[in-house]
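Fold and geometry: a report
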Amino acid sequence: MHGLVIKNTGSWYTVLTDDGQIIESKIKGNFRLKGIRSTNPVSVGDLVTLIVNREGTAFISSIDERRNYIIRKSQNLSKQSHIIAANVDQAFLLVTVSHPETSTMFIDRFLASAEAYSVPVTLVFNKKDLLTDDELRLQQMLMTLYDTVGYPCFAVSATTGEGIEPVRAALQGKITVLSGNSGVGKSTLINSILPHAKLRTAEISDAHDTGIHTTTFSEMLPLPEGGYIIDTPGIKGFGSFDMEPEEIGSYFKEIFSFSKDCRFNNCTHTHEPGCAVRRAVEEHYIAESRYQSYLSMLEDKEGNKYREAY
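Note that the structure is predicted; figures quoted are calculated from it, not measured. (Residues numbered from 1 in each chain as written. Predicted model: local features only at pLDDT ≥ 70, side-chain atom pairs only at ≥ 80, totals over all residues. Heavy atoms only, no water.)

**Here we look at the overall build of the protein chain**
A count of helical and extended segments in the protein chain gives eight helices and 13 strands. Residues classed as buried in the protein chain amount to 49% of the 310 residues present. Here the analysis covers contacts within the protein chain between residues at least 6 apart in sequence; of these, 64% occur between residues at least 24 apart. Total accessible area on the protein chain stands at roughly 14700 Å², and carbon and sulfur atoms take up 50% of it. (Helix = DSSP H or I, 4+ residues; strand = E, 2+ residues; numbered from the N terminus. Buried < 20%, exposed > 50% of the residue type's maximum accessible area, 1.4 Å probe, protein only. Contact = heavy atoms within 4.5 Å. Areas by Shrake-Rupley, 256 points an atom, 1.4 Å probe, with all protein chains shown as cover.)

**Considerations on helix H1 (residues 104-116)**
For H1, with 13 residues, the first-to-last C-alpha span of 18 Å sits near the 18 Å given by 1.5 Å per residue. Within H1, ten of the 13 residues are buried, which leaves it mostly tucked inside the rest of the structure. Listed in full, the buried residues belonging to H1 are Met 105, Phe 106, Ile 107, Asp 108, Arg 109, Phe 110, Leu 111, Ala 112, Ser 113 and Ala 114. Positioned one or two residues after H1, Ser 118 has a phi angle of 60°, which is positive. (Expected span 1.5 Å × (residues − 1).)

**Some words on the pattern of salt bridges**
Pairs can form between side chains of opposite charge once their charged atoms are near each other. Applying the stated criterion across every chain yields a total of eight salt bridges. Between Asp 46 and Arg 66 there is a salt bridge, with the nearest N and O atoms lying 2.7 Å from each other. With a gap of 20 residues between them, Asp 46 in the loop between strand E3 (22-27) and strand E4 (47-52) and Arg 66 in the loop between strand E5 (58-63) and strand E6 (69-73) connect regions that are remote in the sequence. Note on accessibility: Asp 46 and Arg 66 belong to one class, buried. Here Glu 165 and Arg 168 are joined by a salt bridge, their closest N and O atoms 3.1 Å apart. With Glu 165 and Arg 168 both in helix H3 (residues 164-171), this residue pair falls three residues apart, about one helical turn. The exposure class of Arg 168 is partly exposed, given its relative accessible area of 22%. Connected through salt bridges with shared partners, the residues Asp 108, Glu 254 and Arg 290 form a single ionic network. (Salt bridge = Lys/Arg side-chain N within 4 Å of Asp/Glu carboxyl O.)

**Concerning the environment of Val 97**
The topology assignment puts Val 97 in the loop between strand E8 (90-95) and H1. Residues Val 97 and Leu 130, 33 residues apart in the sequence, show an inter-C-alpha distance of 9.8 Å. Leaving out residues up to four positions away in the same chain, Val 97 has contacts with Phe 125, Leu 131, Glu 135, Leu 138, Gln 139 and Leu 142.

**Brief notes about the packing of H3 against helix H4 (residues 186-193)**
At a closest axis distance of 11 Å, the pairing of H3 and H4 adopts a crossing angle of 80°. When the axes of H3 and H4 are compared, the pair comes out roughly perpendicular. Seen from H3, the contacting residues are Ile 164, Val 167, Arg 168 and Leu 171; seen from H4, they are Leu 189, Ser 192 and Ile 193. When grouped by side-chain class, the residues that make up the contact of H3 with H4 number five nonpolar, one polar and one charged. (Axes fitted to C-alpha atoms, helices over the stretch in contact; angles between N-to-C directions. Parallel < 35°, antiparallel > 145°, perpendicular 65-115°, else oblique. Nonpolar A, V, L, I, M, F, W, Y, C, P; charged D, E, K, R; others polar.)

So yeah, pure geometry; function would need other evidence.
Put into structure tokens, the structure is as follows:
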């Protein structure tokens, strides 16, 4: 039997079979022997083959080849990865300028990882109703920056519904993974788009202006117009995984574009003479924040570090 993994609670996987059944499933033991260096060998969005048992549950015996996935380094196990979602059409990264603040470092790490696995990303700036005039100007600057680089941006208030309709239209007919730091309003946004979902939400911590985890597992939620939203737990940090240092620059669109004019083919854009990337940073064709994010990912590879949210 064949189906789609629509929910992952850690030990059990809910599978929607090709003939419309819902079957609770577990991983067959030999998955651990196949060299999948991941804390979750099976992910929401995976297409799998099942062996159904007499109790009506099943074992997942194999996974179809994935067309893409979003992956990050496991926080506590530096040599393992955590797959956020597989076989997606796009990712929506929900960010907030304030309450809590999403760092550009976090945004850039997510974007680079998505580039590495061919997942288009749209940035959704939430909580515009809470922003001061200065914060609104900062939000517009960031939206202009990322839109110029090549990432579409929306500004919304999930609480009031402002700006939601263009987001809803962009989701239609697509499998979209929704990600972001804890507290940015993912559950509130989904409730605004899918009122029947009734996802639990929580106030952010007043003391630290940080989010509280309300989603504890990943789940695919069907959209009435077709497609799915994949709801995922909030991410605290985003460690890069399985990237060679010489590859990282190619996952920053503007750095890759300017690197073609560097004097040396193997330029790391850190110290070499004739580096077109560093010149572009100095002349403000590449944002300093993006360049610093690139350098921080190079440091990851040197020190094998996991990065908390900045």
